[in-house]
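# Summary of the model geometry
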Amino acid sequence: MEVLLEQLERFAEVLAVSRTRHASSWGRVAVRRSLCWARYLRHVHGRFRLRGPVRAALEGRLRRLRLRPAPLGGDAAPAAPCPESGPPLSFEGLGCGEQLLALGLLENASLPSPALHELLQRLRPEGPAEPSEEGLGNRLAELARRRAASQLLRPLLGSGPAQPDPVLRRTEAELLLLRLRQEAEAEPGAEALLLDRLWQQLPQPRWLAVVAEALLLPPAPGPRGAACAPDEDDPGSPSDLGPAPAAPLLAWLLSRPAPLAALCRLLPAPLLASLAGRHADLAEACLDLLWDWAGHLHFDLTKGAWVGSDPEGLTWERLRDCFRCFCQAPAPLSLQARIALDSCRARDGGFEAPGLSVWTDLERELGVEEPPGEG
């Protein structure tokens, strides 16, 4: 394990050097060895991506890296102080190390002609490619497309709060579902790991907005390749997401209490009602959470209002707004919400006087009639 960790450090240094003037001393051998090194670490990534303890050790070492150039031997770049010229290498970056290295070298005007010629030869191999191996040139082109897309989207995203641009939000949602499908096809269960990382790393409001948009995307009109044929020039087109593109995302959300609670607490009530109306399982989970949170409210006689003791918990206003949107939604969500209200009130004692039951006061506030078929 220690040898592998040292290999990660050395490759991170090589990746940093490839983007600086110190690459001017690189030759054919240095380029060839660096690409072989990156290919080896790509296999490491594929082998350990789902092995928790090993992956955690690798990620820990990568986080502690100090990027500094080191001699590769032969005609490699000499060791010299070098500022960081890009983000530190991450574990996910190991899976596309060849592309990152090649892209850095192609953008580096200091790279000598022999080294550049060797790199271009590697990008256009003469022999037939392995059936299971996608060519470096194709993977580099995909990385370049993603980088170009990120450059185009960056001015729209900005550094401040997210803007409610519907086109941008839909694009982000489609890209998320496409990435989940690719992860699932590469390794069963990898899509859940990706969502766990995104949940931990991204700001909650923006992440939840993209998740909501993804869950509201309409399914494809038919089986893949039937009513909506995939784009031959781009087999990974977001328009070909399949008949149930959000199923992995919904399954992940329903199995993760913290993201589900954040969704119910932070999304605008009308948007939450739209999600619940689209997905019956999500509606049931949201109603269960609302019922649980309402149990933590108590009536403050001095304020004449229902209040909560937990600042992170549900407020009376949030409970009222969610149930109002649920009850005003189309069936079956509206009927389901009204039945839940009536059931909770009966379970609470069926009091008529205000201030004794949060559910009695909620029904009175909303003016909800008794659901059909009840009582």
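What counts and what doesn't
- Residues numbered from 1 in each chain as written.
- Predicted model: local features only at pLDDT ≥ 70, side-chain atom pairs only at ≥ 80, totals over all residues.
- Heavy atoms only, no water.
- Helix = DSSP H or I, 4+ residues; strand = E, 2+ residues; numbered from the N terminus.
- Buried < 20%, exposed > 50% of the residue type's maximum accessible area, 1.4 Å probe, protein only.
- Contact = heavy atoms within 4.5 Å.
- Areas by Shrake-Rupley, 256 points an atom, 1.4 Å probe, with all protein chains shown as cover.
- Patch = residues over 30% accessible without salt bridge, like charges linked within 9 Å, V, L, I, M, F, W, Y side chains within 5 Å.
- Salt bridge = Lys/Arg side-chain N within 4 Å of Asp/Glu carboxyl O.
- pLDDT = per-residue confidence, 0-100.
- Phe/Tyr/Trp six-rings, centres within 6.5 Å; stacked < 30°, edge-to-face > 60°.
- Core = buried A, V, L, I, M, F, W, Y, C linked by side-chain atoms within 4.5 Å.
- Pairing = 2+ DSSP bridges.
- Expected span 1.5 Å × (residues − 1).
- Axes fitted to C-alpha atoms, helices over the stretch in contact; angles between N-to-C directions.
- Parallel < 35°, antiparallel > 145°, perpendicular 65-115°, else oblique.
- Left-handed = near helix turned anticlockwise from the far one by under 90°.
- Nonpolar A, V, L, I, M, F, W, Y, C, P; charged D, E, K, R; others polar.
- Lys, Arg positive; Asp, Glu negative; His and termini not counted.
- Charge placed at Lys NZ, Arg CZ, Asp CG, Glu CD.

Next up on the list: the overall build of the protein chain. A count of helical and extended segments in the protein chain gives 17 helices and two strands. Counting only residues that meet the buried cut, the protein chain has 42% of its 375 residues in that class. Relative to all contacts within the protein chain whose residues are 6 or more apart in sequence, the contacts with residues 24 or more apart total 72%. Carbon and sulfur atoms make up 56% of the accessible area of the protein chain, which totals about 20000 Å².

Bringing a nonpolar patch on the surface into the picture now. There is a patch of nonpolar side chains on the surface, built from Leu-106, Leu-116 and Leu-120 and spanning about 220 Å² of accessible area. For Leu-106, a relative accessible area of 37% translates into the label partly exposed.

In the predicted model, the protein chain carries a mean pLDDT of 75, and 70% of its residues have values of at least 70. The weakest mean pLDDT in the protein chain belongs to helix α7 (residues 136-157) at 55; the strongest belongs to helix α13 (residues 269-278) at 95. Note that pLDDT drops below 50 for residues 66-88; the model gives that stretch 52 contacts with residues more than four away or on any other chain. The low-confidence segment residues 129-133, where pLDDT is below 50, has two contacts with residues more than four positions distant or belonging to other chains.

Looking at where Gln-328 falls in the secondary structure, it is placed in helix α15 (residues 316-328). C-alpha of Gln-328 to C-alpha of Ala-273: the two residues are 55 residues apart in sequence and 9.0 Å apart in space.

On to the packing of aromatic side chains, then. Applying the stated criterion across every chain, the model contains four aromatic pairs. Between the aromatic rings of Trp-207 and Trp-252, the centroid separation amounts to 6.3 Å while the plane-to-plane angle is 75°, which identifies the pairing as edge-to-face. Separated by 45 residues along the polypeptide, Trp-207 in helix α10 (residues 204-216) and Trp-252 in helix α11 (residues 247-254) bring together distant segments of the chain. Taken individually, Trp-207 and Trp-252 each receive the classification buried, so the pair is uniform in this respect. Judged by centre distance (5.4 Å) and plane angle (70°), the ring pair of Phe-299 and Trp-306 falls under edge-to-face. Accessibility expressed as a relative area gives 26% for Phe-299, which makes it partly exposed. Assessed through its relative accessible area of 10%, Trp-306 is described here as buried.

By size, the foremost hydrophobic cluster in this structure holds 61 residues, and its most contacted members are Leu-249, Phe-323 and Phe-326. The element best represented in this core is helix α14 (residues 280-294), accounting for nine residues. With sequence-adjacent residues up to four places away left out, Leu-249 is seen in contact with Leu-176, Leu-177, Leu-180, Leu-195, Val-211, Ala-214 and Leu-215. Counting 28 residues, the second-largest nonpolar core is a separate cluster that includes Leu-8, Ala-23, Leu-94 and Leu-105.

The next subject is the pairing of strand β1 (residues 297-300). In the case of a regular strand, side chains alternate between the two sheet surfaces. Note: β1 against strand β2 (residues 305-308), four bridges, orientation antiparallel. Note that in β2 the partner of Asp-300 across the bridge is Ala-305. Here β1 folds back onto β2 in antiparallel fashion, the turn holding four residues, of which Gly-304 has a positive phi close to 65°.

Here α15 is 13 residues long and its end C-alpha atoms lie 18 Å apart, about the 18 Å a rise of 1.5 Å per residue gives. Buried within α15 are the following residues: Trp-316, Arg-318, Leu-319, Arg-320, Cys-322, Phe-323, Cys-325, Phe-326 and Cys-327.

Turning our eyes to something else, we now look at unusual backbone geometry. Residue Pro-332 is reached from Ala-331 by a cis peptide bond, and omega for that bond is 10°. One can find Pro-332 in the loop between α15 and α16 (333-347).

Within the secondary structure, Arg-320 sits in helix α15. Excluding its chain neighbours within four sequence positions, the residues that come into contact with Arg-320 are Leu-362, Glu-365 and Leu-366.

This part is about the environment of Leu-5. Note on placement: Leu-5 falls in helix α1 (residues 2-17). Here Leu-5 falls in the buried class, since its relative accessible area comes to 7%.

When two helices pack together, their arrangement is given by the angle between the helix axes and the distance between those axes. Viewed as axis vectors pointing N to C, α14 and α16 meet at an angle of 30°, and their least axial separation amounts to 11 Å. Looking at the two axes, α14 sits roughly parallel to α16. Handedness of the α14/α16 crossing: right-handed. Each of Ala-283, Glu-284, Leu-287 and Trp-291 in α14 lies in contact with α16, whose residues at this interface are Leu-333, Gln-336, Ala-340, Cys-344 and Arg-347. Classifying every residue of the contact of α14 with α16 gives six nonpolar, one polar and two charged.

A surface patch of like charges, here negative, comprises Asp-281, Glu-284, Asp-288 and Asp-292. Looking at the element boundaries, Asp-288 is found in helix α14.

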